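What follows is the residue order along each chain.
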Amino acid sequence: MPFIQLEKCTKCLKCVKDCPSSAITIETGEIADTCIHCGHCVAICPEMAVRPDFGEVFLLQPHSVTPKDFRNLCSGIRTCRSYLQKDVPDAVLLQLVDNMKHYPSASNERPLQVSIVRSKEKVKLLNDQSAEALIRLIGMVCSPWVSPFIRILAPSVNISKLKRYRNSFIEKQKNNDSQICHHAPAVLLFHGKTSKSGMAEADANIWATYTSIYANTIGLGTCFNGFIVKAMGKKSKLNPLFKVPANHQVYAALLVGYPKVKYRNEASRQSPIVALL
Ligand SMILES: Cc1cc2nc3c(=O)[nH]c(=O)nc-3n(C[C@H](O)[C@H](O)[C@H](O)COP(=O)(O)O)c2cc1C
């Protein structure tokens, strides 16, 4: 629990007003167990009178990212599918993980763990096992026994497109030894407990997105990898190979490495349709 040092507190009530779970009784300094440990009380206190339940409190540093900088950064970040054969040092990978403490999480539950696959053999294993799992999975969905049910129960699933995907996976396996992982030197797997009601999937994609942006600011390229996520479905047999606990599910996967290609131009794409209400 955070802790209020009443001798420093001036009763300005900033923490009380900003607490999303109305957990603070300032008169007694009590914090109720509805506290979600978000640290807003710590962040807002002008006297640094609220101590966090973990670690120290530091003054926020001003940043110099202008809206124009951020726009330019976003337009320059492209999916990287071609990597230099240069390892990403563990210190850099851990730097990416350390920053995850700043990323948002539904109800601040922070349910995610990260497996970093960063040996050539393990990345190859992940690539091959994912390709095989996808070929099996799509083969099952497209089989004459299952596909009629899929056509009725999930009419938006395009069976012929899936068949083309499967054939292309099988074809590529013959002459591309990294069709899923693109020879990336590291793959980050974001996983959490399998749950229908939780928000781990949303958290994972947000954390992977922030990580991708941060990685690009330090000269790395990234690729979100939906194929790995699909291959490592619920109760995946791949889990133990990549230190994913049996009751966890991989919700996002991010390839990371130093890019071999540089993009020169901003390619226009349509902004989403907007409704102004
Ligand atoms: C959720 C998600 C999953 C993706 N999965 C893959 C993937 O498995 N393999 C791949 O090569 N690219 C994957 N991508 C990259 C997209 O194809 C890419 O973002 C898109 O083509 C736009 O290109 P850009 O990222 O360079 O702007 C994925 C992107 C997202 C957001």
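Residues numbered from 1 in each chain as written. Predicted model: local features only at pLDDT ≥ 70, side-chain atom pairs only at ≥ 80, totals over all residues.

**What about the overall build of the protein?**
Tallying secondary structure elements over the protein gives 9 helices and 8 strands in all. Viewed in the frame of its principal axes, the protein has a C-alpha envelope of about 70 × 45 × 45 Å. Burial analysis of the protein (277 residues in total) assigns 25% to the buried set. The long-range share in the protein, meaning contacts at least 24 apart out of those at least 6 apart in sequence, stands at 75%. (Helix = DSSP H or I, 4+ residues; strand = E, 2+ residues; numbered from the N terminus. Buried ≥ 20, exposed ≤ 12 C-beta atoms within 10 Å, placed from the backbone. Contact = placed C-beta atoms within 7 Å.)

**Observations concerning the packing of helix H5 (residues 120-142) against helix H7 (residues 159-175)**
At a closest axis distance of 9 Å, the pairing of H5 and H7 adopts a crossing angle of 150°. By the angle between their axes, H5 is roughly antiparallel relative to H7. Crossing geometry of H5 relative to H7 is assigned as left-handed. For the pair H5 and H7, the contacting residues are Ala131, Leu134, Ile135, Ile138, Gly139, Val141 and Cys142 in the first and Ile159, Leu162, Lys163, Tyr165, Arg166, Phe169, Ile170 and Gln173 in the second. (Axes fitted to C-alpha atoms, helices over the stretch in contact; angles between N-to-C directions. Parallel < 35°, antiparallel > 145°, perpendicular 65-115°, else oblique. Left-handed = near helix turned anticlockwise from the far one by under 90°.)

**Points about the site of the ligand**
In the vicinity of the ligand, the residues found are Arg78, Thr79, Arg81, Cys223, Phe224, Asn225, Gly226 and Phe227. Elements represented by at least two residues in the shell around the ligand include exactly strand S7 (221-224) and helix H9 (226-231). Across the shell around the ligand, the residue classes break down as 3 nonpolar, 3 polar and 2 charged. (Near = placed C-beta within 6 Å. Nonpolar A, V, L, I, M, F, W, Y, C, P; charged D, E, K, R; others polar.)

**A closer look at the pairing of strand S8 (residues 248-257)**
Burial of S8 is extensive: 10 of the 10 residues sit out of reach of the surface. For S7 and S8, the ladder comprises 4 bridges, and the chain directions are antiparallel. Note on S8: the bridge partner recorded for Thr222 is Val256. (Pairing = 2+ DSSP bridges.)

**Some points on the domain arrangement of the protein**
When the domains of the protein are assigned, the result is domain 1 (3-51), domain 2 (77-120 + 180-257) and domain 3 (129-175). A straight line from the C-alpha centre of domain 1 to that of domain 3 covers 54 Å. (Domains from an automatic or database assignment.)

**A look at the nonpolar core**
Judged by nonpolar contacts, the single largest core of 39 residues is most densely connected at Ala184, Val187, Phe190, Ala253 and Val256. Going through the elements one at a time, helix H4 (90-98), H5, strand S6 (186-193), helix H8 (200-217), H9 and S8 are the ones with two or more residues in this core. It is S8 that provides the largest number of residues to this core, a total of 7 residues. Here this core spans two domains, and each of domain 2 (77-120 + 180-257) and domain 3 (129-175) adds at least three residues to it. The contacts of Ala253, once residues within four sequence positions are left out, are Val187, Leu188, Leu189, Asn225, Ile228 and Val229. Ile24, Cys41, Cys45 and Val50 belong to the second-largest nonpolar core, a separate cluster that totals 10 residues. (Core = buried A, V, L, I, M, F, W, Y, C linked by C-beta atoms within 7 Å.)

**Observations concerning the environment of Ser168**
Inspection of the secondary structure assignment puts Ser168 in helix H7. Each C-alpha atom of the pair Ser168 and Ile135 lies 9.6 Å from the other, and the pair is 33 residues apart in sequence.

**Structural notes on the environment of Glu47**
Mapped onto the elements, Glu47 comes out in the loop between helix H2 (40-44) and strand S4 (50-51). A count of 12 C-beta atoms within 10 Å places Glu47 in the exposed class. Taking the C-alpha atoms as reference points, Glu47 and Cys12, 35 residues apart in sequence, are found 9.8 Å from one another. Not counting the four nearest positions on each side in its chain, Glu47 is found in contact with Lys8, Cys9 and Thr10.

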